[in-house]
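For reference, the chains in residue letters:
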Amino acid sequence: MTQFLIDTVWWVPLYGLLGAIVTLPWAVGMVRRTGPRPAAYFNILMTLLALVHSITLLLATWALPVLHLDRAWLDFMDLRLTLSVEVSSISVGAAVLATGLSLLAQIFALGYLEKDWALARFYGLMGFFEAAMSGLALSDSLFLSYALLEMLTLSTYLLVGFWYAQPLVVTAARDAFLTKRVGDMLLLMGVVSLSAIAGTLGFGQLGIWAETAQLSPLVATLLGLALIAGPVGKCAQFPLNLWLDEAMEGPNPASILRNSVVVACGAYVLIRMEPILALSPVVLTTLIAIGAVTAVGASLVAIGQIDIKRVISHSTSAYLGLVFIAVGMQRQDIALLLLLTHAIAKALLFMSVGSIILTTNTQNITEMGGLAARMPATSSTYIVGSLGMVAVLPLGSFWALQQWATTVGSHLMALMLVVLLVNSLTAFNLTRVFGLIFWGQPQAKTRRAPEVPWLLATPSISLAIITLLLPLMLNQWGLLPEMAVWASMPTVLLMASGLLGVGLGGVLYLSPRSPELRGEGWKVLQNILAYDFHTDQLYRLTVVFAVRQGARLTAWFDQYVVDGMINLMGVASIMGGESLKYTISGQSRNYLLTVFVGVILGIAWLGWAFLN
Amino acid sequence: MMSTQFPWLTVLILLPLVAALPIPLLPNKYGRTVRWYTLSAGLIEFSLMLYAFWQNYDLNTPGFQMVESYPWIPQIGLNWSLAVDGLSMPLVILSGLVTTLALLASWQIKDKPRLFYCLMLVMYSAQIGVFAAQDMLLFFLMWELELVPVYLLIANWGGQNRLYAATKFILYTAAGSIFILVAAFAMAFYGGDFTFDMQALGDKSYSVAFELVMYGAFLLAFGVKLPIFPLHTWLPDAHSEAPAPVSMILAGVLLKMAGYGLLRMNMEMLSDAHPYFAPVLAILGVVNIVYASLTAFAQDNLKRRMAYSSIAHMGFVLIGIASFTTLGVSGALLQMISHGLIAAALFFLSGVTYERTHTLSMKKLGGMAKQMPTVFALFTAGSMASLALPGMSGFVGELSIFLGFTSSDAYSTTFKAVVVVLAAAGVILSPIYLLSMLRQVFYGDASEAVAIPGLTDAKPREAFIALCLLIPIIGIGLYPKLATQTYDATTVALTTQARDGLSTIARQPMLDIELPFMAPTVLGTEAQAHLVD
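The rules we used
- Residues numbered from 1 in each chain as written.
- Chains lettered and ligands numbered in written order.
- Predicted model: local features only at pLDDT ≥ 70, side-chain atom pairs only at ≥ 80, totals over all residues.
- Heavy atoms only, no water.
- Domains from an automatic or database assignment.
- Axes fitted to C-alpha atoms, helices over the stretch in contact; angles between N-to-C directions.
- Helix = DSSP H or I, 4+ residues; strand = E, 2+ residues; numbered from the N terminus.
- Parallel < 35°, antiparallel > 145°, perpendicular 65-115°, else oblique.
- Left-handed = near helix turned anticlockwise from the far one by under 90°.
- Contact = heavy atoms within 4.5 Å.
- Nonpolar A, V, L, I, M, F, W, Y, C, P; charged D, E, K, R; others polar.
- Phe/Tyr/Trp six-rings, centres within 6.5 Å; stacked < 30°, edge-to-face > 60°.
- Buried < 20%, exposed > 50% of the residue type's maximum accessible area, 1.4 Å probe, protein only.
- Lys NZ or Arg CZ within 6 Å of the ring centre and 35° of its normal.
- Pairing = 2+ DSSP bridges.
- Core = buried A, V, L, I, M, F, W, Y, C linked by side-chain atoms within 4.5 Å.
- Expected span 1.5 Å × (residues − 1).

*Asks:* Could you give me a rundown of the domain arrangement of chain A, with the residues and numbers involved?
*Replies:* When cut into domains, chain A gives domain 1 (1-72 + 81-140) and domain 2 (539-611). The C-alpha-based centres of domain 1 of chain A and domain 2 of chain A are spaced at 66 Å.

*Asks:* Give a detailed account of the packing of helix H15 (residues 332-360) of chain A against helix H20 (residues 454-476) of chain A, specifying residues and quantitative values.
*Replies:* Residue and element names in this part refer to chain A. Closest axis-to-axis distance for the H15/H20 pair is 10 Å, and the angle between their directions is 155°. It follows that H15 is roughly antiparallel to H20 by the angle criterion. Here H15 runs over H20; the crossing is left-handed. Note on element contacts: H20 touches H15 through Leu456, Pro459, Ser460, Leu463, Ala464, Ile466, Thr467, Leu470 and Leu474, opposite Leu337, Leu340, Thr341, Ile344, Ala347, Leu348, Met351, Ser355 and Leu358. Its residues assigned to classes, the contact of H15 with H20 comprises 14 nonpolar, 4 polar and no charged.

*Asks:* Can you lay out the packing of aromatic side chains for me, pointing to particular residues and giving the numbers?
*Replies:* Enumeration according to the criterion identifies 48 aromatic pairs over all chains in this entry. Taking the centre distance of 5.3 Å and the plane angle of 70° together, the rings of Tyr157 of chain A and Phe177 of chain A count as edge-to-face. With Tyr157 of chain A in helix H6 (residues 142-160) and Phe177 of chain A in helix H7 (residues 167-197), the pair connects residues that are 20 residues apart, well separated along the chain. Residues Tyr157 of chain A and Phe177 of chain A agree in their burial class; the two are buried. Both rings, one in Trp143 of chain B and one in Phe222 of chain B, keep their centres 5.5 Å apart while their planes meet at 65°; by these two values the pair is edge-to-face. Residue Trp143 of chain B is found in helix H5 (residues 136-157), and its partner Phe222 of chain B is found in helix H8 (residues 208-225); the two are separated by 79 residues along the sequence. Counting every residue linked through ring pairs, the aromatic cluster contains Tyr164 of chain A together with Phe376, Phe379, Phe442 and Tyr443 of chain B. Its end group placed over the ring of Trp243 of chain A, Lys180 of chain A keeps NZ or CZ at 4.2 Å from the ring centre. The ring of Trp157 of chain B carries Lys112 of chain B above its face, with NZ or CZ at 5.7 Å from the centroid.

*Asks:* Outline the pairing of strand S1 (residues 65-73) of chain B, listing residues and values.
*Replies:* The side chains of a regular strand alternate between the sheet's two faces. Residues and elements named next belong to chain B. Note that S1 and strand S2 (residues 78-84) share 6 bridges and pair antiparallel. In the strand pairing of S2, Ser69 is matched with Ser81. Linkage of S1 to S2, two consecutive antiparallel strands, is achieved through a turn of 4 residues, within which Gly77 is found at a positive phi near 75°.

*Asks:* An account of the nonpolar core is needed here, citing residue identities and associated values.
*Replies:* Residues Leu142, Leu194, Leu322 and Trp404 of chain A together with Phe139, Phe379 and Phe442 of chain B are the most contacted members of the largest nonpolar core, which totals 394 residues. Among residues more than four places away in sequence, those in contact with Phe139 of chain B are Val130, Ala133, Ile180, Met198, Phe222, Tyr260 and Met265 of chain B.

*Asks:* An account of H15 of chain A is needed here, citing residue identities and associated values.
*Replies:* Residues and elements named next belong to chain A. With 29 residues, H15 extends 41 Å from end C-alpha to end C-alpha; this agrees with the ideal 42 Å at 1.5 Å per step. Within H15, 25 of the 29 residues are buried, leaving the element largely enclosed by the surrounding structure. Following H15 by one or two positions, Asn361 has its phi on the positive side, about 55°.

Written out as structure tokens, the structure reads:
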């Protein structure tokens, strides 16, 4: 039985893919009579199968050693590109997380997109999304992981562009694709050079190779920087961070996955590549620097947002920044733990956010208020999700952040400050959003808001229960530290920072008074944060400007210089012919003159040559 | 050398020509009879082709197969000698597929359909002739034979500026192909025994200086056709004016004839000169990629943008040819096949768009996705393939070339790194211009040009054509062996030969390419001494 499950581990990603393919007739409108529902049901069934398969596999292989399976893909002379799979508790566990959240998100979508005419297309894309993610979780080859990251890039593009007639979607989908693609291409360059240097692309073999590799510091640094570029784009880290914010234009059920597990996929690949990155201290420092800048920057920017989805999505960047720092400090265990707790809490937050958007038809949090009494289930899922995100009560992320603070943070004071800042800012921000949405007086759009239907409520509440149970599960798996270890100064500081954030948020936004901060200074600060520190301007002035002007320059060069030369030759020959035709006058004396001059010149030339 | 077996290649070349003969006599009511007749001729040809290769072609033999040779005009040494190997067989199939689909795509041709279809069939023959010819003179004849129909097709059925484009095309390519003839004669007369047979010409031992001159001549001829910067400006003009089916063949097959020529003449027959020119090819390839990608982004005309994208993608072929590794060379061939399919699909789809909106200006188009979701989906798939997304053929081709070039031992690490990084920058540019194209044409609100009542989505016929091209693209992308096994044996042999050329010239394996433009001077003194001989 176990052997059968291991041999069929390939199926886990294939379920989603099969779902996507079977959905095609509905998605392209070949089948209209049944409506798009059957496609949705089929995809949910496939995801369920994938989940059941991966859970059974997880249980069956829990105690077994790590297994590697290979299939040749491009077998050419000395080059063998294989599609390899790793079966271990981490990889299968990651697949369980991806398929599980995908299942919940798809059930959620059934309610959320109930009246959307392109429901089948959405489910096809979700199946594709899920296939890429679970494949990435299981992949044991850097090459396969790269290819799957690109699949994720594609499906993000298609999912963000789902409502393609909307004005903002137009640029959002493109930016998401381009930003990630830049990262992916650099990653590909790293993969290509790694295959030349190391001669293998399996993660396991790369780890062994890295132990004894003798690389010059420059090569190791360049290689490492190229390799981290992919995850930087995928995890929305500075400077490739803006796409995630824009990607919030897509349908919410996809955002649930994107903010929880899709971004985690990039970090997951980063964690698998760590042995190679560790070859160069510069790369590790870069990881820490990028992570720190993003963590603090994104936490601050989140406070300035008024779009409910963007508020939450910026904190995704911030938490992934913490993951980056953990990888930079070579603490992969903490990175993985944080990815897990963050994924679950963030998915839950996005579910409650989706419920709110569906009932109020707005994403602007300043137009909301007083929803706590009207939507009790949604508000409780929001509270549970928030508590799972920050370190205030001993729920999910508390444990991850606590371990982060005790190990990574205690190494370096600055990093300790980063995690405290992120925690308190996130706590403050979530309290702010809670105050604006659920507290206070109802406004026009929230006055008649009913609780969401069961299709949305069931997955949210199930996930809320999972979030609440997560510490128990972690305890079960032996991932929680000893009492003596965790009852220490960093833990206290962490909880204090969380409480400070909640308290400050509560004072400002849970009081009956208007929470607006008046004065010019505040407005300026608010605008800077709301516009993401004007990072998009930075892009516009540098990369976009350079490409656009470069394109105009080469186009001009092409048209007027390269093509101009050719056209000039054409014009010259026409002119030559046109002018020469006047020598054909039909008067014999002219011809005689020409012959005479020609002969004289000829003789002169001969004579000159002879004299010499 | 007379073979006893059935002369399949002759049949394949002559069938479309013979089929074109009775077309003027066919009744022509609304052009229906002609188009069905031509389409069935194309289909028969394509199925015969598949059958012939299925039956007679052995994938494991590197050399020429299905050889046939008959004296044609013995007085001038012209033989009708044909054969295929791994270089030409996949390209013959590619041209069969693309041309047959182009015939199916010509449904809307209402003006002078008989002439149109005649010319298409002549082109069909000539393409196969180019790939199968084993006689230099025959190769040149076939090469010229294919130019004339393209000229007439653009000049008669093209857009507004068609005469300019057609004239530019014919002058450019005819001027270029003169060099093939000149080089063919020079090589045929070299060393006494006069022959046009390609294998015999390849076996002759030329002096290096002579080979260099010949190499340069071929490079000019094929450089126009491929096209290589700065000889490329005919291509955007020809594409933007040509009707969609002609564009499909032009981008899908005709550009590949140049890549084939480079592999066959320059790399195989002149393998001693190849090491000197290879760095130049690599640099030209990079220039093609970066320059054309940037220029593509500045184009407003849909087909011009895709024409520049073709130029960029053909740059990869140059880098692959220059790599001296089996992987790189087979990547070059794969890139040609893959680009043939992708470019044909994209040009066909832009034709579908043009038929409905009568404009190719992206400024005027916009928001078409609502009315034409199928075209939108197919266009997106084609663009994704073009920007080398994993799982599609373009990716495998470009990846093989990257891997082949980085693993090459013929260049210094710095040179390789610079080439690969610049080429990668070009690959980053390709989504920029393709996605902005999708955004301008399909996303957002419908523009004026698109807000035509009765703007219909792709018809089943049109969707079928696009799928016929997209399915192999995805098939090769997911399982590259589909394509690679057809030519593996040949590219391995070819690369071995090229590497021999490399090692006889520079006895040390590493060419220290610090000044790539002056390859001979940096090859080491030994090579210079060789050159002076």
